[in-house]
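Remarks on the overall topology
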2 protein chains.
Amino acid sequence: MNRKIDVTELALRDAHQSLMATRMAIEDMVPACEDIDTAGYWSVECWGGATFDSCIRYLNEDPWERLRTFRRLMPNSRLQMLLRGQNLLGYRHYEDEVVDRFVAKAAENGMDVFRVFDALNDVRNVKQAIAAVKRAGKHAQGTICYTVSPLHTVEGYVKMAKDLMALGCDSLCLKDMAALLKPQPAYDIVKAIKKELGQDTRVHLHCHATTGVTLVSLMKAIEAGADAVDTAISSLSLGPGHNPTESLVEMLEGTAYHTELDYDRLLKIRDHFAGVRPRYAEFLSGITGVETEIFKSQIPGGMISNMESQLKQQGAGDKLKEVLEEVPRVRAVAGYPPLVTPSSQIVGTQAVFNVLMGRYKVLTAEFADLMLGYYGETIGERDPEVIEIAERQTKKPPITCRPADLLTPEWEQLRTETLGLEGNDGTDEDVLTRAMFPQVAPTFFREREDGPKNVGRDPEEAAAAGSSANPVRTPIKYRVTVNGTSHSVAVAPA
Amino acid sequence: MNRKIDVTELALRDAHQSLMATRMAIEDMVPACEDIDTAGYWSVECWGGATFDSCIRYLNEDPWERLRTFRRLMPNSRLQMLLRGQNLLGYRHYEDEVVDRFVAKAAENGMDVFRVFDALNDVRNVKQAIAAVKRAGKHAQGTICYTVSPLHTVEGYVKMAKDLMALGCDSLCLKDMAALLKPQPAYDIVKAIKKELGQDTRVHLHCHATTGVTLVSLMKAIEAGADAVDTAISSLSLGPGHNPTESLVEMLEGTAYHTELDYDRLLKIRDHFAGVRPRYAEFLSGITGVETEIFKSQIPGGMISNMESQLKQQGAGDKLKEVLEEVPRVRAVAGYPPLVTPSSQIVGTQAVFNVLMGRYKVLTAEFADLMLGYYGETIGERDPEVIEIAERQTKKPPITCRPADLLTPEWEQLRTETLGLEGNDGTDEDVLTRAMFPQVAPTFFREREDGPKNVGRDPEEAAAAGSSANPVRTPIKYRVTVNGTSHSVAVAPA
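The rules behind these values
Residues numbered from 1 in each chain as written. Chains lettered and ligands numbered in written order. Predicted model: local features only at pLDDT ≥ 70, side-chain atom pairs only at ≥ 80, totals over all residues. Helix = DSSP H or I, 4+ residues; strand = E, 2+ residues; numbered from the N terminus. Rg over C-alpha atoms; globule rule 2.2 N^0.38 Å. Buried ≥ 20, exposed ≤ 12 C-beta atoms within 10 Å, placed from the backbone. Contact = placed C-beta atoms within 7 Å. Pairing = 2+ DSSP bridges. Right-handed = clockwise from strand over helix to strand, strands pointing away. pLDDT = per-residue confidence, 0-100. Axes fitted to C-alpha atoms, helices over the stretch in contact; angles between N-to-C directions. Parallel < 35°, antiparallel > 145°, perpendicular 65-115°, else oblique. Left-handed = near helix turned anticlockwise from the far one by under 90°. Nonpolar A, V, L, I, M, F, W, Y, C, P; charged D, E, K, R; others polar.

Here we take up the overall build of chain A. Helix and strand content of chain A: 21 helices and twelve strands. Here chain A has a C-alpha radius of gyration of 24 Å; the compact-globule value for 494 residues is 23 Å, and the two agree. Judged by the C-alpha coordinates and their principal axes, chain A covers about 90 × 60 × 50 Å. Burial statistics for chain A: of 494 residues in total, 53% are counted as buried. A separation threshold of at least 6 residues defines the contact pool for chain A, and within that pool the share at least 24 residues apart is 76%.

As C-alpha cells, this is what we get:
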C-alpha cells in the first residue's frame, strides 16, 4: 500500500546550471558518481540543457566525452538529458535529419532518458525528437512547460499530455522552470492527467525552488499520483535551484509514500558537493532566500538580471520598473508563451526595446520571428497589428506550419563544413557539436587537446585574488620609517 | 467554505533571534511597524525569548521601553511574547509571586498573547504563568514542545494538550524549535488534538525551517485543522529561521484555505528587512541551505557549534564525533527531554564531560539538578544509577514536587537589592530585569542613559574594517607620493 516515489537527481545538470552558471567541471563530479550510481535514483540528469554549451565555451571539455564518462562511471543508472525539441541544444530549429542523428548519437554514447520540451509547448516541435528516441529504443519523456496566464487551464495541460502520449512517449514531465507551480494546481493537473490518461501514465514533476512553495507542490503532486519527482542533493539545492533530495526523503516519512534512496549514500553525495560548491563562488547565484514576487511579475529572476544589464548598457538603468511592467503586455501580444529559454529572452528584450524606443517601433529579429510563427504556435492569438509590423520589418510572411517543415536537408553541408575545421576529429559527434554552436565549436576543436579546464577556485585563493584587486578602499595614513627617517604617507585608491 | 488561516509574524522576535543572534536594534524595527500593524496578522511576536537578555546585554536598550514602543506603534495588533514558564526569561525557577508580577507588568506594558512553554514539557512549570495571564485578562497560549523519542507519541501530545487546556489556556501551540516536525506527524497531532479536544480548540503551529520540510508540515497541519501558523517575512526567513510569510500566502492559493494578509504590505515589510539584514552580517548564521542531519542526530545546529567550541577550549576538537554519538545516550539517561533551552545546553555539556572525563565521572551542576528533578519531570524514567551519582555529588535529595514549590518568597528581597543598584529607576520593571539577569542588569542600569546602541553596520564599512585586518594578501604595486616625490612601491605579505 505504501507507494514508492521515484527520484531524479539533478546535481550533475540542472542544479549547477541553476546555481553556478553551468560551470561545474567533470573533475568535480567524478568522485560522486559511484555514490550517485548506487543511491537508488530512478534516473540521473547529467547532460543537455546548457551543459553542452558550457563544456565547449568555458570548460574546454568535449561534451560527448563527458557523456561517455558518466556512462562508464554510472553503469547501473538511467542517464537523463534535457533536449530542446527541434532546437536540440542550440538556438535555432534544425532540419529533421540533424535531429535524428543527434538523438541516435546521444543514445549510442550512453543516454537513456530524453526529456524533450518546446519553449512554446508546440507539440509539433518535439515530435521528430520523440520519434528518434523511440527508434533508438530509449525512454522518451514528453514535457509540458508549466506557466500561468488567462489562457492556461488544467484542461489545456491535459490536452497537451494527450497529444504527447499520442506521439509514443514513455512518460510525461510537468516542468516548472520558474517555480510558479503552486500546490493546488500541481495536485489538480497531475490528478486530471492520471484520470484522463490512466493511472499507468507515468508523470514526473520538475520544480525549481525559487519561490519557496514547491516542496509542498511535490507533496501534493505525489498525493495526486505523480510517479517521480526531481530533486537536487541539499548542498546543491534551493535558491534558483531545486528542492533538496534529503528533504524529500524526510518529508515522506510516515506518509503513504516513500523513496527507496540510500540515505548514507545521499550524505556522501552531499558532503562531496558541499566541498565543491564554494570553489565556484564567483559563479554562484546571489539568491539564497525565496523570491515570491515572480508570482506577480511572472518574470523569472535570471530574466530580470538580463534586462537590467541590457538597460544599463543603454544608460537607462532607471527604466527597469517600466520594463518589468511592459513584459506581461509583450507576453500577451505574443499569445502568452511560457517564459523559458529562448522565449523569455525574446519577450524580455522586446520589452526593453518598447520602453527605450516606443512600443513596437523596432522589433528584434527574434521577436518578429516569434510573432510570425517561426518558433511555432502559441496558446493565444498573437496581436494582428504587431504581426503586420513584423511582416513589414522582415519582409517575411507569417507561417502556420511546423517551422522545421520549411527547412531543407542540411546534414551533408554541416558535415562538409565541419570536416574543413582545424582540430575536428571526423566524427558525427563533432558535426553535431559544430551544428549547434557554429561560433564556439571552431575554437573548441582547435584547443580541445589542451584538455578540460576547471574554472572552480579554492575559496582562499579566490578571496586573496578578489581583495588584491583593491585592498585599500579608503584613504589610510601611515607613518613609515625608512633608514631612520620618518615620513607621513597617505595611500588612497588610485 | 474557504477557511481563513491566521498568521503570527516572527520578524521582530524569533526571526532575528534565529538568524542574527537576537541583535536587531529597535531602530531597525520601527520603520516596519506601521506595515506590520496593518498587514492583517493574527499576532506579532515581538518580545520575550532571548530578546530581553540581548537588549540589556548587547543593545543598551530597556526591554520594557521596547515593549511600550511596539504597543504605541502597533495599536491594532495583538503583541505576542515567548515566556519560559516558571523561568520567565531567565535561567532559573522563580518563586510564584515573581512570576505573577512579571506577567502583570508585561500585560500592563502592552503584551496581549503569552506563549508559555517549559523545556521538559512539565505542565506544572507553566501553570502559575498561565494563571497570571488569565488574571491579567490576556491570551494564554499553552505550548507543547515537539520532539522525537521512543516515548513521544501522538497520544502523549494529546494528553499534554488536555492538561494545558485544563489550566484555562485560550489556545495551544505546537512548537517545533528544531525543525523536526515532519508533515505526517504534524497532520496526526493536530488532527488528534482537534478530535479529542474539539474543533473549537485553537491550535497554532510554530516551526523552524532548518530541515527544509516544514512548510509542507504547515500545509498538512492546516489540512488537519490548525487555526494559525507562524512565519517570518521572506527577507528574515529560512536557514535556522522560519518559513517565509509570502510563501505561505502563495502556497494556499487555490486551496480550501487562505490568509487575509495584505500582500502589498508584506512586500514593504520584506523590502525594509532586506535592507536591514546585511547590516548584521557579522551575526548572521552561516546556514542558508538545509540541514537534514538533525533528523538523525536529534541535535539542533546551534547546540553542535556550542559543543564544538567547548571541545576546542579543552584541546579536544577531534572528539566531536564521539560527543555527537554520546548526546542521544545522555538524553536517554535523562528521560528523553526535548532539546531546547536550557535542556539542550545541559545535555550537550554533560555529553562533553562524559567523553572527556569518562561517563558520569563528573556531572555538571545543571545535569545533576536535571537528574534529581530540580527542572521538573521528564517523560521517561531517569537512570537510577546516575541519579545516585547526582545525589552523592550534590548532597541534594531527588525531588518529585513542582520545583518552584521549594522556593520561598523572594520578591521583597529582589526589590530591596535592586533599589540598591546605581541607575535603577525604582520601578518593578527594573526589579524584574535584575531578577532575571543579576549579572548583566547592574551594568545596564548604570549605562542605560547612554541610550540604545545599534550593533548593525553598513556592509561596506564592515567589509573595509574586516579587510583592514590583513589588507595585503598578494603583492601589490602602488604609486606613493611623499613630499612631492613620486615612488613606485611594491608591498607583499611578509
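Right, picking up where we left off after that structure.
Quick look at the pairing of strand β8 (residues 203-207) of chain A now. Sheet faces and side chains relate simply in a regular strand, where the side chains alternate between the two faces. Residues and elements named next belong to chain A. Most of β8 sits inside the fold, with five of its five residues counted as buried. With burial as the criterion, each face of β8 is covered, one bearing Val203, Leu205 and Cys207 and the other bearing His204 and His206. Strand direction decides the pairing type here: strand β7 (residues 171-176) and β8, joined by five bridges, are parallel. The residue bridging Leu172 from the neighbouring strand is Val203, located in β8. Taken together, β7, helix α8 (residues 183-197) and β8 form a β-α-β motif whose crossover is right-handed. Pairing of β8 with strand β9 (residues 228-231) involves two bridges; the strand directions are parallel. Along β9, the bridge assignment pairs His204 with Ala228.

Turning our attention to helix α9 (residues 214-223) of chain B. All names here are of chain B. The buried fraction of α9 is high, at nine of ten residues. For α9, every residue scored as buried is listed here: Thr214, Leu215, Val216, Ser217, Leu218, Met219, Lys220, Ala221 and Ile222. Downstream of α9 by one or two residues, Gly225 has phi in the positive range, about 115°.

Here we take up the pairing of strand β6 (residues 139-145) of chain B. Residues and elements named next belong to chain B. A large share of β6 lies buried, amounting to six of its seven residues. As judged from the four bridges shared by strand β5 (residues 113-116) and β6, these two strands associate in the parallel manner. Bridging across to β6, Phe114 finds its partner in Ala140. In this fold, β5 hands off to helix α6 (residues 124-135), which returns the chain to β6; that crossover is right-handed. With helix α7 (residues 154-166) bridging β6 and the parallel strand β7 (residues 171-176), this β-α-β connection has right-handed handedness.

A separate point is the confidence of the model for chain A. Averaged over every residue, the pLDDT of chain A is 93; residues scoring 70 or more account for 93%. Both scores are available for the predicted complex, with the pTM at 0.90 and the ipTM at 0.88.

Now for helix α1 (residues 11-19) of chain A. Residue and element names in this part refer to chain A. Within α1, nine of the nine residues are buried, which leaves it mostly tucked inside the rest of the structure. What α1 keeps buried is the set Ala11, Leu12, Arg13, Asp14, Ala15, His16, Gln17, Ser18 and Leu19. Along its buried surface, α1 packs onto β2 (6-9), β3 (43-48), α3 (51-57), β4 (79-83) and α11 (263-276). One or two steps after α1, the chain reaches Ala21, where phi turns positive at roughly 50°.

Turning our attention to the environment of B:Asp176. Residues and elements named next belong to chain B. By secondary structure assignment, the location of Asp176 is in strand β7. The exposure class assigned to Asp176 is buried, which follows from the 26 C-beta atoms found within 10 Å. For the pair formed by Asp176 and Tyr157, sequence separation is 19 residues and the distance between their alpha carbons is 13 Å. Those residues in contact with Asp176 that lie beyond four places of it in its chain are Tyr146, Leu181, His206, Cys207, His208 and Thr214.

All names here are of chain B. As a packed pair, helix α5 (residues 96-108) and helix α19 (residues 428-436) sit with axes 10 Å apart at the nearest point and diverge in direction by 125°. If you check the angle between α5 and α19, you find them oblique. Considering only the axes of α5 and α19, their crossing is left-handed. Residues Val98, Arg101, Phe102 and Lys105 of α5 lie in contact with α19, whose contacting residues are Asp428, Glu429, Leu432 and Ala435. Considering only residue class, the contact of α5 with α19 consists of four nonpolar, no polar and four charged.

A few words on the sheet that holds β2(A). Residues and elements named next belong to chain A. Taken in spatial order, the eight strands close into a barrel running β2-β3-β4-β5-β6-β7-β8-β9, and their pairing is parallel. In this sheet, neighbouring strand axes are inclined to one another by 30° on average, regardless of whether the strands run parallel or antiparallel. Pairing between strand β6 (residues 139-145) and β7: five bridges, direction parallel. Bridge pairing links Gln141 to Ser171 in β7. In the packing of α1 onto the sheet, the strands contacted are β2, β3 and β4, and the crossing angle to β3 comes to about 60°.

Residues and elements named next belong to chain A. Cis geometry marks the peptide bond from Thr341 to Pro342; its omega dihedral reads 0°. Locating Pro342 in the fold gives a position in the loop between α14 (320-333) and α15 (343-357). One non-glycine residue, Leu88, lies in positive phi territory at about 55°. Its place among the elements puts Leu88 in the loop between β4 and α5 (96-108). A positive phi angle, near 55°, is found at Tyr336, a position not held by glycine. Within the secondary structure, Tyr336 sits in the loop between α14 and α15.

A word on the sheet that holds strand β3 (residues 43-48) of chain B. All names here are of chain B. Pairing in this closed barrel of eight strands is parallel, and the strands run β2-β3-β4-β5-β6-β7-β8-β9 around the ring. Averaged over neighbouring strand pairs, the angle between their axes works out to 30° when direction is ignored. The sheet contacts of helix α8 (residues 183-197) involve β7 and β8 (203-207), and relative to β8 the element is tilted by about 160°.

Further remarks concern the environment of B:Ala166. Residue and element names in this part refer to chain B. The topology assignment puts Ala166 in helix α7. Under the C-beta neighbour-count criterion, Ala166 is labelled exposed, with 11 such atoms within 10 Å. Sequence-wise, Ala166 and Lys127 are 39 residues apart; in three dimensions their C-alpha atoms are separated by 9.9 Å.

Next up on the list: the packing of helix α7 (residues 154-166) of chain A against α8(A). All names here are of chain A. Packing of α7 against α8 brings their axes to within 9 Å, and their N-to-C directions diverge by 45°. As the angle between them shows, α7 and α8 are arranged oblique. Viewed along their axes, α7 and α8 form a crossing whose handedness is right-handed. Along its contact with α7, which presents Val154, Tyr157, Val158, Ala161, Lys162 and Met165, the element α8 presents Asp188, Ile189, Ala192, Ile193, Glu196 and Leu197.

Moving on, we come to the environment of A:Thr259. All names here are of chain A. Looking at the element boundaries, Thr259 is found in the loop between β10 (257-258) and α11. Under the C-beta neighbour-count criterion, Thr259 is labelled buried, with 25 such atoms within 10 Å. Here the alpha-carbon distance between Thr259 and Val116, two residues 143 residues apart in the chain, equals 25 Å. With sequence-adjacent residues up to four places away left out, Thr259 is seen in contact with Ile5, Val7, Leu248, Val249 and Leu252.

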